[in-house]
8 protein chains.
Amino acid sequence: MQEKDIKKLLEQVKNNSISIDEAAETLKDLPYKDMGFANIDNHRALRTGYPEVIFCQGKTPEQIRDIMCELVKKGGNIMGTRATEEDYEAVKEALPQAVFFETARIIAVLDERKKANGNLPTVAVVTAGTADIPVAEEAAVTAEILGNKVIRIYDVGVAGIHRLFDKLTQIREADVVIAVAGMEGALASVVGGLVDSPVIAVPTSIGYGANLGGISALLSMLNSCANGVAVVNIDNGFGAAYMAAVINKGK
Amino acid sequence: MQEKDIKKLLEQVKNNSISIDEAAETLKDLPYKDMGFANIDNHRALRTGYPEVIFCQGKTPEQIRDIMCELVKKGGNIMGTRATEEDYEAVKEALPQAVFFETARIIAVLDERKKANGNLPTVAVVTAGTADIPVAEEAAVTAEILGNKVIRIYDVGVAGIHRLFDKLTQIREADVVIAVAGMEGALASVVGGLVDSPVIAVPTSIGYGANLGGISALLSMLNSCANGVAVVNIDNGFGAAYMAAVINKGK
Amino acid sequence: MQEKDIKKLLEQVKNNSISIDEAAETLKDLPYKDMGFANIDNHRALRTGYPEVIFCQGKTPEQIRDIMCELVKKGGNIMGTRATEEDYEAVKEALPQAVFFETARIIAVLDERKKANGNLPTVAVVTAGTADIPVAEEAAVTAEILGNKVIRIYDVGVAGIHRLFDKLTQIREADVVIAVAGMEGALASVVGGLVDSPVIAVPTSIGYGANLGGISALLSMLNSCANGVAVVNIDNGFGAAYMAAVINKGK
Amino acid sequence: MQEKDIKKLLEQVKNNSISIDEAAETLKDLPYKDMGFANIDNHRALRTGYPEVIFCQGKTPEQIRDIMCELVKKGGNIMGTRATEEDYEAVKEALPQAVFFETARIIAVLDERKKANGNLPTVAVVTAGTADIPVAEEAAVTAEILGNKVIRIYDVGVAGIHRLFDKLTQIREADVVIAVAGMEGALASVVGGLVDSPVIAVPTSIGYGANLGGISALLSMLNSCANGVAVVNIDNGFGAAYMAAVINKGK
Amino acid sequence: MQEKDIKKLLEQVKNNSISIDEAAETLKDLPYKDMGFANIDNHRALRTGYPEVIFCQGKTPEQIRDIMCELVKKGGNIMGTRATEEDYEAVKEALPQAVFFETARIIAVLDERKKANGNLPTVAVVTAGTADIPVAEEAAVTAEILGNKVIRIYDVGVAGIHRLFDKLTQIREADVVIAVAGMEGALASVVGGLVDSPVIAVPTSIGYGANLGGISALLSMLNSCANGVAVVNIDNGFGAAYMAAVINKGK
Amino acid sequence: MQEKDIKKLLEQVKNNSISIDEAAETLKDLPYKDMGFANIDNHRALRTGYPEVIFCQGKTPEQIRDIMCELVKKGGNIMGTRATEEDYEAVKEALPQAVFFETARIIAVLDERKKANGNLPTVAVVTAGTADIPVAEEAAVTAEILGNKVIRIYDVGVAGIHRLFDKLTQIREADVVIAVAGMEGALASVVGGLVDSPVIAVPTSIGYGANLGGISALLSMLNSCANGVAVVNIDNGFGAAYMAAVINKGK
Amino acid sequence: MQEKDIKKLLEQVKNNSISIDEAAETLKDLPYKDMGFANIDNHRALRTGYPEVIFCQGKTPEQIRDIMCELVKKGGNIMGTRATEEDYEAVKEALPQAVFFETARIIAVLDERKKANGNLPTVAVVTAGTADIPVAEEAAVTAEILGNKVIRIYDVGVAGIHRLFDKLTQIREADVVIAVAGMEGALASVVGGLVDSPVIAVPTSIGYGANLGGISALLSMLNSCANGVAVVNIDNGFGAAYMAAVINKGK
Amino acid sequence: MQEKDIKKLLEQVKNNSISIDEAAETLKDLPYKDMGFANIDNHRALRTGYPEVIFCQGKTPEQIRDIMCELVKKGGNIMGTRATEEDYEAVKEALPQAVFFETARIIAVLDERKKANGNLPTVAVVTAGTADIPVAEEAAVTAEILGNKVIRIYDVGVAGIHRLFDKLTQIREADVVIAVAGMEGALASVVGGLVDSPVIAVPTSIGYGANLGGISALLSMLNSCANGVAVVNIDNGFGAAYMAAVINKGK
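Residues numbered from 1 in each chain as written. Chains lettered and ligands numbered in written order. Predicted model: local features only at pLDDT ≥ 70, side-chain atom pairs only at ≥ 80, totals over all residues. Heavy atoms only, no water.

### Here's the deal with the interface of chain A and chain D
We apply this condition: Only heavy atoms enter the contact rule, under which two residues are in contact if any of them lie within 4.5 Å. The term buried area refers to how much accessible surface (probe radius 1.4 Å) is lost by two components on association, counted for both of them together. We count a salt bridge whenever a side-chain nitrogen from Lys or Arg sits within 4 Å of a carboxyl oxygen from Asp or Glu. The term polar contact refers here to a pair of N or O atoms within 3.5 Å; inside protein, the definition further demands a hydrogen-donor-capable atom paired with an acceptor-capable atom, and it admits residues adjacent in sequence only when both atoms are side-chain atoms. Strands are runs of DSSP state E lasting at least 2 residues, helices are runs of H or I lasting at least 4, and numbering of each runs from the N terminus. In this count, Pro and Cys sit with the nonpolar residues alongside Ala, Val, Leu, Ile, Met, Phe, Trp and Tyr, while Asp, Glu, Lys and Arg are called charged and the others, Gly among them, polar.
Taken together, the contact pairs 35 residues of chain A with 35 residues of chain D. At the boundary of chain A with chain D, total buried surface from both sides reaches about 2,900 Å², with 56% on carbon and sulfur atoms. For the pair chain A and chain D, the number of links is zero salt bridges. At the junction of chain A with chain D, the criterion picks out seven residue pairs in polar contact (both at pLDDT 80 or more). At five residues, the largest contribution of residues to the side of chain A that touches chain D is made by helix H12 (residues 237-248) of chain A. Counted by class, the side of chain A that touches chain D contains 20 nonpolar, nine polar and six charged residues.

In structure tokens form, the structure reads like this:
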């Protein structure tokens with residue numbers, strides 16, 4: 001309920017076209033239902049241009065299909081993360097316009113996907129190894145769906161740091177850098193020391209032995225000696241891209 | 001802002017004694033300031049009869065004194081947990097009516113402390129060892145301030161389980177049992193298997209070696225094979241008593 | 001052996017219908033077998049109205065069926081938690097009256113399930129996400145079997161906190177609130193700050209990355225800055241409902 | 001060594017004013033010393049407007065004073081974090097223009113501190129409790145020194161969530177929100193669900209029992225179910241503000 | 001090489017029936033091969049009466065069969081722990097005399113299994129729940145094979161502590177008590193406080209949620225407030241029985 | 001209440017010298033107060049010959065003195081562990097017969113300390129380093145007070161394993177071996193592989209870096225590949241000696 | 001770009017055979033592409049004689065085959081670690097010269113495998129148990145491929161330490177010792193105390209209960225009281241052998 | 001007992017100059033006392049040229065002085081690590097020739113310190129920050145005492161990676177590189193990717209927040225994606241230098 005609606009209601013009261021009891025009834029529910037949370041209701045994920053997001057893991061293909069169908073009725077864009085080929089098959093039957101980003105494990109139903117052009121803000125997605133690519137692609141595709149141009153720079157980990165330097169100019173051009181790394185996670189610190197943009201670090205569960213499912217990389221990134229680095233949860237490519245999109249919002 | 005206030009406002013609109021713009025302005029703030037959170041505002045700890053609580057640890061005696069003085073102005077009861085003798089000295093100067101529960105480490109300023117009588121709901125506070133007593137006293141004194149009769153049964157840990165059985169009738173009479181134990185925390189399970197009342201388990205940081213500052217007792221209590229047991233944070237005697245008081249509220 | 005049985009025995013002694021030696025023999029075993037643990041024997045789970053509970057996980061369908069059949073002979077209600085469809089098939093063959101709560105993963109054999117009516121004490125079961133529902137249903141069905149009216153309020157997590165506020169009146173009506181949440185577990189603190197009833201927090205293992213199988217939510221709930229909150233083990237919906245039922249017992 | 005310098009050198013070679021050996025020698029060192037790292041050398045913290053930062057903890061007052069004096073010679077702004085009153089006394093003797101932000105534990109020597117005006121980008125610093133204020137002030141003062149307008153909103157934790165809602169409009173006006181919380185760290189999720197700006201979450205080591213020196217809050221924040229939230233290290237107010245400043249850089 | 005063999009060799013030297021060089025050659029290898037480690041060589045597990053032990057988990061049925069066949073050639077008893085039905089099938093083909101203890105997951109090839117009689121030292125194996133029985137049976141069968149009489153007392157956990165008391169006389173008769181428990185592991189402390197014999201505590205990985213694969217029970221047992229309790233590794237029924245047998249050796 | 005007392009009571013009932021109600025009342029309390037726990041009451045630590053034990057750490061010298069004085073009145077031996085010089089000074093004033101074992105940090109008041117002679121069972125206390133000696137002495141003195149002859153073999157850690165071998169004959173003569181080690185705790189495994197007696201392993205908190213306050217040694221000992229080894233809590237020399245004494249009891 | 005190439009370029013400038021602009025363009029890219037990182041580019045793993053290494057785990061057989069085929073085109077040796085039989089089948093089809101080391105899980109394509117001869121530096125690979133052999137073989141085969149002679153000494157763990165002593169002379173002959181052990185990892189300390197060569201310790205994930213996937217052995221090895229021991233990641237046989245080869249490089 | 005001694009003994013037997021019993025007695029003790037451990041006795045730390053090492057932390061100045069005096073009598077070099085100024089004062093009184101390396105916290109008593117010359121093998125000690133210098137100096141001084149030439153390169157952490165590149169040539173000249181870093185420990189990976197020599201990584205406890213006393217850096221280093229890196233315990237500069245010296249031994 002917008003301010004103009006309130007005023008309209010008050011006019012109706014004034015004009016006797018609505019009784020005081022009826023008006024009071026409407027206003028009583030106002031804080032939660034109508035006005036008060038008009039803003040809150042526009043919960044971030046529901047805003048124009050930003051898609052509804054479904055975390056597919058742990059849901060059956062049928063459940064995913066049904067949720068997506070219901071959301072499509074409301075209009076707007078939809079994306080499902082951690083989706084499988086099988087999930088996509090189920091969705092595609094009901095929603096032929098759905099597209100599947102296989103490596104990123106994302107199903108998307110988009111009204112109109114914005115074409116990348118020079119004016120879009122840019123996000124560089126950088127990975128330490130090739131094994132980090134699925135998480136990186138989750139970030140990259142998400143960032144694109146949320147209206148960013150994405151520069152993908154993969155397999156430039158610190159064990160062969162010259163590969164990173166070759167790409168430095170490109171990385172520096174981005175408005176936000178997403179650094180995706182497992183094992184010791186040193187990439188975030190190195191990138192953080194070389195660029196001026198905000199760096200979102202994504203630890204991945206890639207590795208073995210004492211990598212502790214990504215905790216080692218996570219701790220490493222949190223303890224980064226470089227400034228301008230913040231961290232999201234392990235393997236959370238989506239979350240990193242969302243953060244990047246929020247940072248780039250006004251640009 | 002109660003419903004009658006809304007109706008009054010609407011009547012003013014109807015009577016032209018207030019402009020639509022003014023009314024809209026008042027209503028716009030409504031969810032947070034006036035009506036919507038009238039209830040919410042009555043935050044638990046602020047209700048009649050329940051004191052304001054100050055966590056003294058980490059505050060200077062002067063800060064504690066000043067906060068207490070300000071709260072006294074508002075009326076109502078006040079209690080400070082994790083207080084030292086030194087804290088009390090500072091408070092007593094300004095508020096001579098303050099009392100200090102030394103073992104419980106609680107300073108209290110109470111309008112009128114309810115006398116224990118047979119009609120009060122009861123809380124049994126049970127400890128495994130003598131070293132758990134400070135935490136137990138924090139619980140016991142808090143429960144008393146919050147309007148409960150407290151039965152103290154200390155040093156009845158499972159290594160000499162007959163001591164516990166000697167007290168079983170007393171423990172069973174309580175409406176709620178608070179089981180305070182460090183080391184292996186087995187007391188909570190044993191008590192939980194012997195009584196019908198809800199058991200609030202408080203792990204303490206008492207112990208040495210692999211007790212991990214109370215984590216061992218905490219894990220033990222969470223994994224209790226007895227039903228009707230729930231757990232609060234390590235050494236959190238206050239929290240256990242608060243929970244007990246909430247459970248006993250209507251009794 | 002009840003007090004009246006002891007008196008009867010003593011009368012038999014007095015009447016010479018039993019020798020002193022025979023009576024002494026009977027009384028000697030008394031502490032453990034007969035009288036002494038008459039109370040203890042009435043172990044919580046065995047009391048009238050409370051069902052016997054079998055933790056099915058890790059048992060074969062045949063074992064579950066056999067245990068249930070034996071318990072049925074003793075009369076009384078029986079429930080099996082963490083049961084599978086397959087477990088239910090095995091039980092149903094032998095006990096056709098058995099019912100299966102699929103989402104809750106509970107098999108129940110109930111003499112007569114009490115109809116919900118206005119006089120029953122109420123338990124609100126609140127979840128942060130849809131993925132928490134199986135644990136919540138375990139809690140909800142258990143609470144119902146143990147004689148409570150249950151209000152289910154699902155998917156009101158703090159990322160879209162307005163959904164929680166819409167339901168606040170309902171939640172506040174409950175005698176006990178069970179807050180079920182994975183990920184960061186913040187729901188317990190927020191609910192704890194908004195209601196006057198005791199809140200039982202159930203951390204769930206829902207989440208990924210650094211959720212550590214529910215440890216993150218568990219720690220979050222233990223460290224809750226709200227009072228009147230206690231915690232049970234990860235995913236332990238049954239335990240939370242049992243605690244709630246014990247709290248509601250006299251109501 | 002800029003491109004024009006290289007050309008100049010080449011011309012000297014052509015003009016025989018320098019021998020090929022000499023030119024080769026100069027060029028051999030080029031990647032690290034002169035050209036190659038001309039960019040890299042402009043390490044983030046050294047750029048115009050951004051001060052040099054000294055982490056004072058673990059250094060003697062004399063060491064801090066000496067380092068600051070040397071940096072002042074180079075010109076530019078300087079700030080020392082985790083500084084004590086004693087550190088400041090030592091610095092002030094040598095650099096009377098130094099100022100001390102006591103709660104923030106920051107010593108600053110600033111050429112000219114920019115006056116806050118309407119055109120500066122804004123950072124909202126929000127804390128759950130009063131005990132989180134030192135970390136929050138470290139963030140707030142750092143953000144101001146780095147050219148941001150800061151909105152301080154303290155003690156609005158989720159146990160009394162209405163206090164947060166009262167301030168929501170203010171928080172929503174900020175370009176970046178820094179959410180500082182110890183205990184269960186739920187504030188970051190709640191704020192993340194209510195605002196559109198990027199949220200930098202700072203776990204603090206405030207709390208007791210199973211808070212594990214801030215790890216509980218850290219895990220909670222990493223597992224946040226709200227999007228648009230990224231995390232820095234425990235108690236790292238400086239790091240959060242630096243990240244915020246980097247995000248706000250172009251605004 | 002026994003002392004008498006050395007003397008024999010020396011006599012041969014004296015009698016010239018062996019050259020000094022030959023004798024020196026024999027003696028040179030002595031420390032490790034023959035005499036020096038004659039004792040060491042009789043590694044505990046190899047002594048008369050104690051069987052060779054194979055940890056079957058992680059080995060193929062064929063490997064287990066082959067190892068057993070080779071050991072049989074050397075004579076003596078053999079036992080394989082953590083064996084499956086499939087392992088047994090493979091072994092039985094080659095060694096028809098092999099027996100399989102299904103719940104204990106032990107395959108044994110025994111020259112002559114000592115009959116239990118009143119003179120054997122006794123080991124009581126006590127479990128908290130039925131789910132702990134496989135670990136308990138591993139302990140019980142091992143103890144029997146190692147020459148002890150075993151008293152099995154299962155499902156007497158502390159949630160229904162009267163069951164434990166019913167069996168107390170039996171438990172007290174044992175020379176060593178093995179207490180097997182998962183979940184919160186409180187059984188070890190309670191038993192430790194009630195008996196005079198050494199108690200070997202075996203934490204099991206039984207439980208869910210925050211039991212951490214048995215770590216909770218392990219920590220609980222290590223922190224036992226009862227004396228006369230020592231702990232072996234999680235689920236290590238074999239190790240507990242071995243320790244018990246070593247303690248009972250001379251009896 | 002012994003059997004003869006029960007019979008006497010029954011006779012009084014028969015003789016009408018006591019009413020049935022009075023008799024029933026007496027019998028009702030029987031399990032816990034009189035007969036039932038006559039045995040249980042003989043809690044281990046209270047048996048003849050075994051001293052009362054006070055854990056002094058965390059108690060004031062005055063409290064220790066007072067507790068000891070009270071215990072002396074009851075007769076029997078007394079020992080206080082983790083005692084300081086200051087504690088001893090306080091005790092000695094009141095109990096001049098008290099003796100102080102400085103390295104072991106034990107105060108003892110003994111009626112008559114048994115002289116070591118050849119017939120006493122023996123305990124070998126073995127340490128890896130010199131820094132483990134205080135824990136070892138706590139074990140050694142405790143074992144002596146509990147009636148064992150102690151062989152001390154210190155500083156024979158595995159980094160210089162020949163020192164251990166030099167002492168092997170002595171170690172093998174002991175009825176029980178206590179292996180005390182910090183750092184990597186390998187001593188327990190090595191000793192366990194070389195002796196036939198039960199080995200009680202005591203991890204110590206000695207070490208630095210990733211020793212985690214003794215957790216590293218504890219884990220190492222629990223995972224020992226040698227059989228016949230059980231573990232007590234970190235630094236718990238007393239507990240190890242108590243266990244050893246219990247094992248040696250009948251010898 | 002070598003120094004001679006730079007000089008050549010400068011001569012061309014001098015000779016006017018290249019314009020200054022062209023020369024500047026070439027030199028501008030120099031730091032990363034040509035000269036500056038000429039050394040860096042020769043990343044360790046790419047040097048003559050050292051093979052390219054592929055970590056096969058997590059890659060499909062087809063991906064492994066394709067990567068290997070591409071690398072073969074560049075010439076040089078190739079090895080794939082953590083490979084399965086199935087991976088090898090795929091590779092063998094395309095590269096019939098590939099060999100498979102089954103226990104070591106290594107596929108190798110070698111131009112010419114150097115024959116072991118007396119002049120090669122030697123690496124002793126020592127294991128505690130038979131279960132550690134796969135990790136040990138990964139180390140042994142890697143060391144051989146990298147040009148070392150390998151002495152394999154398996155199953156000499158500390159529980160039967162005489163087996164280790166029998167092999168001591170052999171172990172002492174090696175230039176580097178790799179000690180592979182799970183469970184309590186004591187082997188590294190014992191070996192470290194007995195040899196003069198550098199010891200690379202490899203913790204393995206072998207064990208059960210509280211071995212924590214190799215963390216126990218890892219901690220044990222890090223806390224080794226022996227000097228001259230360094231540690232690689234859990235199960236990282238390849239890494240240990242690589243380190244050994246680097247140490248042996250010049251020999 | 002060497003082979004010639006055995007032969008001599010056998011000859012005495014043959015010659016009747018010794019009885020068979022006496023000879024047998026001598027030979028029986030042989031493995032441990034004389035021959036068998038003649039080699040073992042030459043424990044690493046005792047060899048010519050390598051000093052005796054005392055870990056001073058936890059010892060009183062007097063104890064340190066006394067131990068050093070006793071060792072000086074035996075001749076040879078001595079060093080004490082983790083020593084304080086106060087320790088040195090005590091030592092210097094008795095041993096005026098003792099020298100103190102303040103930052104390294106090492107006291108040394110050296111017969112003749114070898115002068116650094118071009119022929120010594122070299123160790124580069126590299127640190128990430130200035131706070132890592134005490135650990136680095138412990139490594140550097142130890143390496144020098146053990147006969148190496150040391151190149152110190154401090155404060156070249158990855159946040160300003162160009163500083164590292166400036167020193168690359170120097171670092172590459174070393175036979176062994178010791179990389180000392182706290183916080184995220186990325187330095188080890190970056191150095192490991194840039195040099196051909198073995199890299200010993202030393203995690204330090206430098207940092208705050210989630211650095212967990214150095215565990216974060218330790219995990220990071222263990223998970224290093226660079227090859228040729230092995231790790232020693234947290235803050236163990238001495239251990240790293242010892243390992244480096246062992247590697248350099250033959251050079």
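### Here we look at the packing of aromatic side chains
Test applied: Planes of paired rings set the category: under 30 degrees apart is stacked, over 60 is edge-to-face and the rest tilted, where pairs are Phe, Tyr or Trp rings (Trp by its six-membered ring) whose centres lie within 6.5 Å. When accessible area is computed with a 1.4 Å probe and restricted to protein chains, residues below 20% of their type maximum are described as buried, those above 50% as exposed, and intermediate ones as partly exposed.
A full pass over the atoms with the stated rule returns 17 aromatic pairs over all chains. With a centroid separation of 5.1 Å and an interplanar angle of 15°, the aromatic rings of E:Tyr88 and E:Phe100 are classed as stacked. Within this pair, whereas E:Tyr88 is found in helix H6 (residues 85-94), its partner E:Phe100 is found in strand E3 (residues 99-101), the two being separated by twelve residues in sequence. Residue class for E:Tyr88 comes out buried when judged on its relative accessible area of 12%. The exposure class assigned to E:Phe100 is buried, which follows from its relative accessible area of 19%. Measuring from centroid to centroid gives 5.1 Å for F:Phe165 and G:Phe165, while their planes differ by 75°, and the two rings are edge-to-face. Of this pair, F:Phe165 sits in helix H8 (residues 161-166) while G:Phe165 sits in helix H8 (residues 161-166), placing the two residues on different chains.

### Describing helix H7 (residues 133-145) of chain A
All names here are of chain A. Put simply, the rule is: By definition here, a helix of n residues has an expected span of 1.5 Å times n minus one.
Taking 1.5 Å per residue, 13 residues should reach 18 Å; H7 reaches 18 Å between its end C-alpha atoms and fits that length. Counting buried residues in H7 gives eleven out of 13 residues, a clear majority hidden from the surface. Inspection of H7 places Val-135, Ala-136, Glu-137, Glu-138, Ala-139, Ala-140, Val-141, Thr-142, Ala-143, Glu-144 and Ile-145 among the buried residues, and these make up the whole buried set. Immediately beyond the C-terminal end of H7, within one or two residues, lies Gly-147, with a positive phi of roughly 95°.

### Digging into the relation of the copies chain D and chain C
The pair of chain copies shares a relation made of a rotation about an axis and a shift along it. Applied cut-off: Our superposition of the copies is a least-squares fit, built on the C-alpha atoms of residues whose pLDDT is at least 70 in both.
Between the two copies, chain D and chain C, the superposition gives an RMSD of 1.0 Å; the rotation angle is 178° and the shift along the axis is 0.3 Å. Considering both components of the superposition, the chain copies are consistent with a two-fold axis. Among all residues of chain D, the minimum C-alpha distance to the rotation axis is found for D:Ala186, at 2.4 Å. Comparing interface residues between copies, 100% of those in chain D also sit at the interface in chain C, which points to an isologous, same-surface contact.

### What about the sheet that holds strand E3 (residues 99-101) of chain H?
Backbone hydrogen bonds are what pair the strands of a sheet, in a parallel or an antiparallel way. Residues and elements named next belong to chain H. Inclusion rule: Two strands form a pair only when DSSP identifies at least two bridges running between them. Lines fitted to C-alpha atoms define the axes, with helix axes restricted to the stretch in contact, and inter-axis angles between N-to-C directions lie between 0 and 180 degrees.
Taking strand neighbours across the sheet as the criterion, the four strands line up as E1-E2-E4-E3 in an open arrangement whose pairing is mixed. If you trace the sheet from one side to the other, it starts and ends with strand E1 (52-55) and E3, each paired once. Strand-to-strand twist of the sheet, defined as the mean angle between neighbouring strand axes without regard to direction, takes the value 20°. Strand direction decides the pairing type here: E1 and strand E2 (residues 78-81), joined by four bridges, are parallel. Paired with Phe-55 across the strands is Thr-81, a residue of E2.

### Describing the sheet that holds strand E1 (residues 52-55) of chain F
All names here are of chain F. The strand order E1-E2-E4-E3 describes an open sheet built from four strands, whose pairing is mixed. Because the sheet does not close on itself, it has two edges, and the strands there are E1 and strand E3 (99-101). Across the sheet, the mean angle separating the axes of adjacent strands is 20° when strand polarity is ignored. Summarising the sheet, E3 and strand E4 (residues 106-109) pair through three bridges and their orientation is antiparallel. Bridge assignment links Val-99 to a residue of E4, and that residue is Ala-108. Sheet strands touched by helix H5 (residues 61-73): E1, strand E2 (78-81) and E4. Its angle to E2, the strand with the most contacts, is close to 160°.

### A short note on the confidence of the model for chain A
Put simply, the rule is: A score from 0 to 100, pLDDT tells how confident the predictor is in each residue.
Per-residue confidence for chain A gives a mean pLDDT of 81; residues scoring 70 or more make up 82%. Taken together, the stretch residues 28-48 of chain A has pLDDT below 50 and engages in 69 contacts with residues farther than four places along the chain or on a different chain.

### Considerations on the packing of H7(A) against H12(A)
Residue and element names in this part refer to chain A. Using the following cut-off: Left-handed describes a crossing whose near helix is turned anticlockwise from the far helix by less than a right angle; the clockwise case is right-handed.
Packing of H7 against H12 brings their axes to within 7 Å, and their N-to-C directions diverge by 35°. Seen along the crossing, H7 lies across H12 with a hand that is right-handed. Facing H7, whose interface residues are Val-135, Glu-138, Ala-139, Thr-142 and Ala-143, H12 presents Gly-237, Phe-238, Ala-241 and Tyr-242.

### Focus: the relation of the copies chain A and chain D
Of the transformation superimposing chain A on chain D, the axial component is 0.3 Å and the angular component is 180°, with the fit at an RMSD of 0.6 Å. Looking at the interface residues of chain A, 100% of them are also at the interface in chain D, so both copies use one shared face.

### Examining the environment of G:Met79
Residues and elements named next belong to chain G. By secondary structure assignment, the location of Met-79 is in strand E2 (residues 78-81). Take Met-79: its relative accessible area is 0%, and that puts it in the buried class. With 161 residues separating them in the primary sequence, Met-79 and Ala-240 have C-alpha atoms 16 Å apart. Every residue in contact with Met-79, bar those within four places of it in the chain, is listed here: Pro-51, Glu-52, Val-53, Ile-54, Met-68, Ile-106, Ile-107, Ala-108, Thr-142, Ile-145 and Phe-238.

### Some details on the domain arrangement of chain A
Residue and element names in this part refer to chain A. What counts is decided by this rule: As annotated, the domain borders come from an automatic or database domain assignment.
Domains assigned within chain A are domain 1 (3-109) and domain 2 (122-249). Each partner contributes residues to the interface: domain 1 has 15 residues there, and domain 2 has 16 residues. The contact between domain 1 and domain 2 buries some 1,300 Å² in all, and 69% of this surface belongs to carbon and sulfur atoms. Counting every contact that joins domain 1 to domain 2 gives two salt bridges. For Arg-82, the salt bridge identified is with Glu-138, shortest N-O distance 3.0 Å. Joining domain 1 to domain 2, the criterion identifies two residue pairs in polar contact (both at pLDDT 80 or more). For the side of domain 1 that touches domain 2, the secondary structure elements donating two or more residues are strand E2 (78-81) and strand E4 (106-109). Counted by class, the side of domain 1 that touches domain 2 contains nine nonpolar, three polar and three charged residues.

### What to know about the state of the cysteines
This is how the line gets drawn: Disulfides are defined as cysteine sulfur pairs within 2.5 Å.
Taken as a whole and assessed by the stated rule, the structure comprises zero disulfides over all chains. You can see B:Cys56 has no disulfide; the closest cysteine sulfur is in B:Cys69, sitting 13 Å from it.

### So, helix H10 (residues 187-194) of chain F
By the criterion of burial, H10(F) is predominantly enclosed, with eight of the eight residues buried. Those residues of H10(F) that fall on the buried side of the exposure criterion are F:Leu187, F:Ala188, F:Ser189, F:Val190, F:Val191, F:Gly192, F:Gly193 and F:Leu194.

### Digging into the interface of chain D and chain C
Contacts between the two partners involve 23 residues from chain D and, on the opposite side, 23 residues from chain C. Buried surface at the junction of chain D and chain C, summed over both partners, amounts to about 1,900 Å²; 69% is from carbon and sulfur atoms. Contact with chain C buries area across many residues of chain D, yet D:Glu184, D:Asn223 and D:Cys225 alone supply 30% of it, more than any other trio. For the interface between chain D and chain C, the tally reads zero salt bridges. Those elements giving two or more residues to the side of chain D that touches chain C turn out to be helix H8 (161-166), helix H10 (187-194) and helix H11 (215-222) of chain D. Among the residues forming the side of chain D that touches chain C, the class breakdown is 15 nonpolar, seven polar and one charged.

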